[in-house]
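Results of the structural survey
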Amino acid sequence: KDPKRTGLDWNYVWYYPVTRERLQDICTDASGRNHGYGIPPPLIRPDVIAAIKADAHAKLAPPIAELVERSQPFFQAIFDIESPRLVSGRAVLLGDAAFVARPHVGMGVTKGALDALCLSNSLQREHTLDAALARYDRLRSEFGRRCIARARRLGSYIEARSRPAAGWTPDQLDQRPQRVLHEVAAALADIPELAVEI
């Protein structure tokens with residue numbers, strides 16, 4: 001917090017693709033201790049902070065770069081998690097315990113609520129617990145895989161230009177603003193790959 005500011009704070013999100021090696025480097029403090037996939041903000045090395053701020057001035061609009069310049073950066077790695085199954089005996093995974101998609105799809109809370117609704121519907125519609133849990137597992141596993149696929153596709157817009165050697169398709173390299181905004185801002189009902197029975 002800047003002592004010159006009075007009661008103002010902000011948080012910004014900047015999706016910034018890095019290699020595993022770079023992630024390991026930026027999560028290593030000045031003493032050489034690596035903090036895994038995240039590092040406490042006060043331990044981020046000055047050279048890492050300087051590089052983040054220089055990139056902001058080079059890549060972002062000046063008012064946004066100024067926010068980055070005035071901030072104490074912090075960061076966390078983002079990963080996708082796909083569970084091979086959601087039911088084991090009578091244990092059931094819902095929400096982020098079942099699937100974690102990149103934030104690009106904005107489905108965290110919605111997916112958790114839909115998981116709970118599907119489990120409730122399955123318990124009401126099926127005659128046995130095993131049949132209900134099998135239905136839930138089938139439907140929500142399909143939906144979770146679709147969310148992950150969509151998040152990866154949307155993430156490719158962010159990653160493609162910074163990792164050109166990865167062999168991106170022309171579709172993934174098409175970053176015209178109108179195309180990206182149409183796909184990112186599309187309502188859930190307009191996304192056929194996410195439509196599934198509950």
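Notes on the structure in this doc start here. (Residues numbered from 1 in each chain as written. Predicted model: local features only at pLDDT ≥ 70, side-chain atom pairs only at ≥ 80, totals over all residues. Heavy atoms only, no water.)

**Observations regarding the nonpolar core**
Counting residues in hydrophobic clusters, the biggest one holds 12 residues: Leu 23, Ile 26, Cys 27, Ile 39, Ile 44, Val 48, Ile 49, Ile 52, Ala 56, Ala 65, Val 68 and Phe 75. Every element with two or more residues in this core is listed here: helix H1 (20-26), helix H2 (46-59) and helix H3 (62-69). Here this core gets four residues from one element, more than from any other, and that element is H2. Setting aside residues up to four positions removed in sequence, Ala 65 forms contacts with Ala 56, His 57 and Leu 60. (Core = buried A, V, L, I, M, F, W, Y, C linked by side-chain atoms within 4.5 Å. Buried < 20%, exposed > 50% of the residue type's maximum accessible area, 1.4 Å probe, protein only. Helix = DSSP H or I, 4+ residues; strand = E, 2+ residues; numbered from the N terminus. Contact = heavy atoms within 4.5 Å.)

**Points about the packing of aromatic side chains**
The tally for this structure, following the rule as stated, stands at two aromatic pairs. Centre to centre, the rings of Trp 14 and Tyr 16 are 5.2 Å apart; their planes meet at 85°, and the pair counts as edge-to-face. Exposure remark for Trp 14: the relative accessible area of 24% places this residue in the partly exposed category. A centroid spacing of 4.9 Å and a plane angle of 70° characterise the contact between Tyr 37 and Phe 79, whose relative ring orientation is edge-to-face. Taken as a pair, Tyr 37 in the loop between H1 and H2 and Phe 79 in the loop between H3 and strand E1 (81-82) lie far apart in primary sequence, 42 residues in all. By relative accessible area, which is 36% here, Phe 79 ends up partly exposed. (Phe/Tyr/Trp six-rings, centres within 6.5 Å; stacked < 30°, edge-to-face > 60°.)

**Some words on the packing of helix H4 (residues 108-125) against helix H5 (residues 129-160)**
Look at H4 against H5: their axes get within 8 Å of each other, and the N-to-C directions meet at 155°. As summarised for this structure, H4 and H5 are arranged roughly antiparallel, according to the angle between their axes. Crossing hand, H4 versus H5: right-handed. For the pair formed by H4 and H5, the contact residues are Lys 111, Leu 114, Asp 115, Cys 118, Leu 119, Asn 121, Ser 122, Leu 123 and Arg 125 on the first element and Leu 129, Ala 132, Leu 133, Arg 135, Tyr 136, Leu 139, Arg 140, Phe 143 and Cys 147 on the second. Residue composition of the contact of H4 with H5, grouped by class: 11 nonpolar, two polar and five charged. (Axes fitted to C-alpha atoms, helices over the stretch in contact; angles between N-to-C directions. Parallel < 35°, antiparallel > 145°, perpendicular 65-115°, else oblique. Left-handed = near helix turned anticlockwise from the far one by under 90°. Nonpolar A, V, L, I, M, F, W, Y, C, P; charged D, E, K, R; others polar.)

Interpretation note: all reported values are geometric properties and have no functional meaning in isolation.
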